[in-house]
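So you can see what is in the structure, the chains are spelled out below.
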Amino acid sequence: MKNAILRDKTGPLIKEMIITPIAIVDPPLLNAAGLHAPYALRTIVELITTDNISGISEIPGNIAIDAALESARELLIGKDPFQLNAIRYTLENAFGKETAAERGDAPWDQRKLVHIFSAIEVACMDIIGKVTGLPVVDILGGKMRDRVPFSAYLFYKYEGAGGEWGFGLDPTATGWSAARQAKALDPAGIVEQARAMCKEFGFQSIKLKGGVFEPRAEVDAIIALREAFGPGVPLRIDPNALWKVETAIEYGREMEGLLEYLEDPVRGQENMAKVRKSLNTPLATNMCTTSFEDIPTSISLGAEDIILSDHHFWGGLRASLELSRVCDIFGRGLSMHSNSHLGISLAAMVHLGAALPRLPYALDTHYPWQSDEVIAGGRFKFEEGAVAVPREPGLGVELDRASLARLHQNYLDCGLTKRDDQVEMQKVVPGWEFKAVRW
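Residues numbered from 1 in each chain as written. Predicted model: local features only at pLDDT ≥ 70, side-chain atom pairs only at ≥ 80, totals over all residues. Heavy atoms only, no water.

1. Quick word on the overall build of the protein
Inference 1: Scanning the protein from terminus to terminus reveals 14 helices and 14 strands.
Inference 2: Against the globule reference of 22 Å for 439 residues, the protein gives a C-alpha radius of gyration of 21 Å, in line with a compact fold.
Inference 3: Going through the 439 residues of the protein one by one, you find that 59% of them count as buried.
Inference 4: Restricting the contact set of the protein to residue pairs at least 6 apart, pairs at least 24 apart contribute 73%. (Helix = DSSP H or I, 4+ residues; strand = E, 2+ residues; numbered from the N terminus. Rg over C-alpha atoms; globule rule 2.2 N^0.38 Å. Buried < 20%, exposed > 50% of the residue type's maximum accessible area, 1.4 Å probe, protein only. Contact = heavy atoms within 4.5 Å.)

2. Comments concerning the pairing of strand 12 (residues 306-309)
Inference 1: Side-chain alternation along strand 12 places I306 and L308 on one buried face and I307 and S309 on a second face that is also buried.
Inference 2: Bridge count for strand 11 (residues 283-285) against strand 12 is two bridges, and the pairing is parallel. Within the sheet, the bridge partner assigned to A284 lies in strand 12 and is I306.
Inference 3: The parallel pair strand 11 and strand 12, bridged by helix 10 (residues 295-301), forms a crossover whose chirality is right-handed.
Inference 4: For strand 12 and strand 13 (residues 333-336), the ladder comprises four bridges, and the chain directions are parallel. Note that in strand 13 the partner of I306 across the bridge is G333.
Inference 5: A crossover links strand 12 with its parallel partner strand 13, the connecting element being helix 11 (residues 317-329), and its sense is right-handed. (Pairing = 2+ DSSP bridges. Right-handed = clockwise from strand over helix to strand, strands pointing away.)

Here it is as structure tokens:
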């Protein structure tokens with residue numbers, strides 16, 4: 001074939017894996033599990049081949065996951081990065097399989113293996129793209145759209161911008177920088193935060209992270225957002241499963257006609273199904289249906305209308321594409337969950353978002369809340385709330401080595417080894433405890 005891309009069967013092979021934990025500045029954002037620490041943890045994984053091609057990935061930081069990655073190093077050395085099926089099989093044989101129960105009750109996923117799979121797969125796909133000259137979106141089957149839309153992600157928050165001084169302020173800040181450090185503890189504060197974020201990034205839809213205050217206060221914030229932005233801006237709220245079934249039905253009915261979807265109002269598939277049968281508003285989840293083994297029960301119960309994928313938690317980009325096909329078969333929508341991330345994760349999300357056959361909902365992203373970056377050339381730009389799909393081979397981003405070193409030093413200095421929002425909340429509200437169901 002004249003235009004075929006030919007590759008030597010003997011190479012390149014993986015010769016080195018570098019694992020670098022980093023800490024990035026994070027504001028004091030409130031959520032169902034407590035309070036964000038002044039730093040959020042990420043781990044950067046770099047695979048280097050025998051012909052010195054580097055592939056990179058980024059996952060949520062956790063000392064236990066980092067240790068598991070370290071133990072996987074010898075399994076990967078000498079492997080062909082193109083042979084992703086064989087690599088996955090090798091890792092599964094070494095580590096076994098995880099159950100959905102290992103996800104945990106916290107709003108974030110606490111499994112190890114899915115993080116390992118996604119870290120290795122994304123780095124390998126970055127290598128594959130650089131060898132073939134193709135962007136990752138083409139390796140995933142081709143680009144369905146040139147830009148991927150994201151949603152404004154609002155948080156109740158205390159005053160401050162995070163970092164070394166925790167809740168310190170910059171009195172000279174303006175625009176989104178000022179809003180990023182301002183407190184937002186009531187509907188008026190949430191509306192001002194939304195206005196500043198949408199003005200800065202051009203977002204066309206809005207999500208509120210709930211589960212912080214009693215439901216009446218959070219529903220009032222949704223009403224205030226609807227009044228401020230009008231009927232043309234889709235709204236979402238995520239109570240992170242802290243509501244009882246009767247609470248979700250009561251306030252869900254009040255918000256009918258206001259929401260694009262209601263995310264994880266209650267805990268567990270059975271409870272989600274009860275709420276879903278009582279409301280006309282679509283339900284979304286990234287907490288009750290989080291793995292392929294969850295899907296049969298999800299379908300039989302009718303637990304949700306929309307699954308919020310996350311390649312970090314579903315085992316990579318290809319698994320997320322498989323999930324999209326399952327969703328199509330069973331009439332489910334698909335969008336994406338987010339966590340406190342930098343540009344490598346954002347690039348992977350954009351490539352995946354561009355490859356999905358259908359993308360009816362703007363994706364979540366914490367990116368506006370972060371001020372650090374680990375990729376060369378600075379932070380991604382949003383236009384009208386969307387990010388253009390990189391055209392360069394692989395992910396289309398490269399490491400900024402100086403930034404990586406600085407952020408790794410942050411990790412060493414801050415002393416954090418895993419996320420624990422309850423501990424951070426107790427520094428502000430002594431005795432505060434996480435509850436799986438609160439209202």
